[in-house]
Amino acid sequence: MTKKRVAVLVSGGGTNLQALIDNQKASADCPYEIVVVISSTKNAYSIERAAKAGIQCIVKSPFSVMGKETAQASSREEKNIAVSDAILEECKARSVDIIVLAGYLSVLTGRIIDEYKGAIINLHPALLPKFGGVGMWGHNVHEAVLAAKEKESGCTVHLVDSGCDTGKILVQKRVPVMEGDDVDSLYARIAPEEHKAIIEGLLMLCK
């Protein structure tokens, strides 16, 4: 069996990255191999998780890609394109088959979306199409869910397209919103489902 070569993009603690690593290690028949972790920040704990697993991790931020002065003078769109193109180069250099956004807080744009069409998945911490779009990430999403007095929430794994949280939905996991929930308690209920969903989504693409 030829394993699919996977790049995982991260920005923070990396619990979903860890779920993918653990699943890979648990079975010799795992159909994927994480060949690189790419972080949007040099301080992400995900970098340590990758190192412990013996996986190369690189940082691709506007500063690291464009240089400090150019990045500071550039628009958000220009920075997103520069970082996306740099990530595309890294993925092609490693013959990456699938890109997984596991808590990646930047926006991929430009050529990478076309060249990896149907092979990029993102994990979103709500039940899309509700609570998606610009600014809807992390605790912002859970705050919005609670403010809307939703009866349930969960997470979604979807294909990445040129929109923001608009690609085809592959996997959804649902949890109840309980009376008295705050952001932390709701997140604690969703997090284990995220770990299951991101593995399921990746396995679907591997097939």
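Residues numbered from 1 in each chain as written. Predicted model: local features only at pLDDT ≥ 70, side-chain atom pairs only at ≥ 80, totals over all residues. Heavy atoms only, no water.

J.: Explain the pattern of salt bridges to me, using residue names and the numbers behind them.
T.: Counting across every chain of the model gives eleven salt bridges. As a salt-bridge pair, Glu-90 and Lys-60 come within 3.2 Å of each other at their nearest N and O atoms. Pair noted here: Glu-90 is in helix 5 (residues 76-93) and Lys-60 is in the loop between strand 3 (57-59) and helix 3 (62-66), with a separation of 30 residues, a long-range link. A network of salt bridges, in which partner residues are shared, links Asp-85, Lys-92, Arg-111 and Glu-115. (Salt bridge = Lys/Arg side-chain N within 4 Å of Asp/Glu carboxyl O. Helix = DSSP H or I, 4+ residues; strand = E, 2+ residues; numbered from the N terminus.)

J.: Quick rundown of helix 8 (residues 183-206)? Include the residues and the values.
T.: With 24 residues, helix 8 should reach 34 Å at 1.5 Å per residue; the first-to-last C-alpha distance of 33 Å fits that figure. In the structure, helix 8 departs most strongly from a straight axis at Ile-190, where the bend amounts to approximately 30° and where the proline Pro-192 lies between one and four residues downstream. Along helix 8, the positions that sit buried rather than exposed are Val-183, Leu-186, Ile-190, Ala-191, Glu-193, Glu-194, Ala-197, Ile-198, Ile-199, Gly-201, Leu-202 and Cys-206. The opening residue of helix 8 is Asp-182, an N-cap whose side-chain oxygen sits 3.2 Å from the backbone nitrogen of Asp-184. (Expected span 1.5 Å × (residues − 1). Bend = angle between axes of the 7 residues up to and from the residue. Buried < 20%, exposed > 50% of the residue type's maximum accessible area, 1.4 Å probe, protein only. Polar contact = N/O pair within 3.5 Å; in protein donor to acceptor, adjacent residues only side chain to side chain.)

J.: Could you give an account of the nonpolar core, naming the residues involved and the relevant values?
T.: Judged by nonpolar contacts, the single largest core of 36 residues is most densely connected at Val-8, Leu-20, Tyr-32, Ile-34, Val-37, Val-100 and Leu-202. Sort the elements by how many residues they give to this core and helix 8 lands first, with seven residues. Setting aside chain neighbours within four positions, we find Ile-34 in contact with Val-6, Val-8, Leu-17, Leu-20, Ile-21, Gln-24 and Ile-55. Of all hydrophobic cores here, the second largest spans 21 residues; its members include Ile-58, Leu-108, Ile-113 and Ile-120. (Core = buried A, V, L, I, M, F, W, Y, C linked by side-chain atoms within 4.5 Å. Contact = heavy atoms within 4.5 Å.)

J.: Describe the packing of helix 7 (residues 139-147) against helix 8, naming the residues involved and giving the relevant values.
T.: With their axes 9 Å apart at the nearest point, helix 7 and helix 8 run at an angle of 110° to one another. As judged from the angle between their axes, helix 7 and helix 8 are roughly perpendicular. For the pair helix 7 and helix 8, the contacting residues are His-139, His-142, Glu-143, Val-145 and Leu-146 in the first and Val-183, Asp-184, Leu-186, Tyr-187 and Ile-190 in the second. Among the residues forming the contact of helix 7 with helix 8, the class breakdown is six nonpolar, two polar and two charged. (Axes fitted to C-alpha atoms, helices over the stretch in contact; angles between N-to-C directions. Parallel < 35°, antiparallel > 145°, perpendicular 65-115°, else oblique. Nonpolar A, V, L, I, M, F, W, Y, C, P; charged D, E, K, R; others polar.)

J.: Any details on the sheet that holds strand 3? Residues and values, ideally.
T.: Read across the sheet, seven strands follow the order 3-2-1-4-5-6-7 without closing on themselves; strand pairing throughout is mixed. If you trace the sheet from one side to the other, it starts and ends with strand 3 and strand 7 (169-176), each paired once. Strand-to-strand twist of the sheet, defined as the mean angle between neighbouring strand axes without regard to direction, takes the value 20°. When strand 1 (residues 4-10) meets strand 4 (residues 98-101), the two strands line up parallel, connected through four bridges. Counted as the bridge partner of Val-8 is Val-100 from strand 4. Here helix 8 sits on the sheet in contact with strand 1, strand 2 (32-39), strand 4, strand 5 (120-124), strand 6 (152-159) and strand 7, set at roughly 160° to strand 7. (Pairing = 2+ DSSP bridges.)

J.: Which residues make up helix 7, and what values do they have?
T.: Buried residues of helix 7: Val-141, His-142 and Val-145, and no others. In an axial view of helix 7, the angular spread of the buried residues amounts to 95°, which keeps them on one side of the axis. (Arc of directions from axis to C-beta.)

On their own, these measurements won't tell you what the molecule is for.
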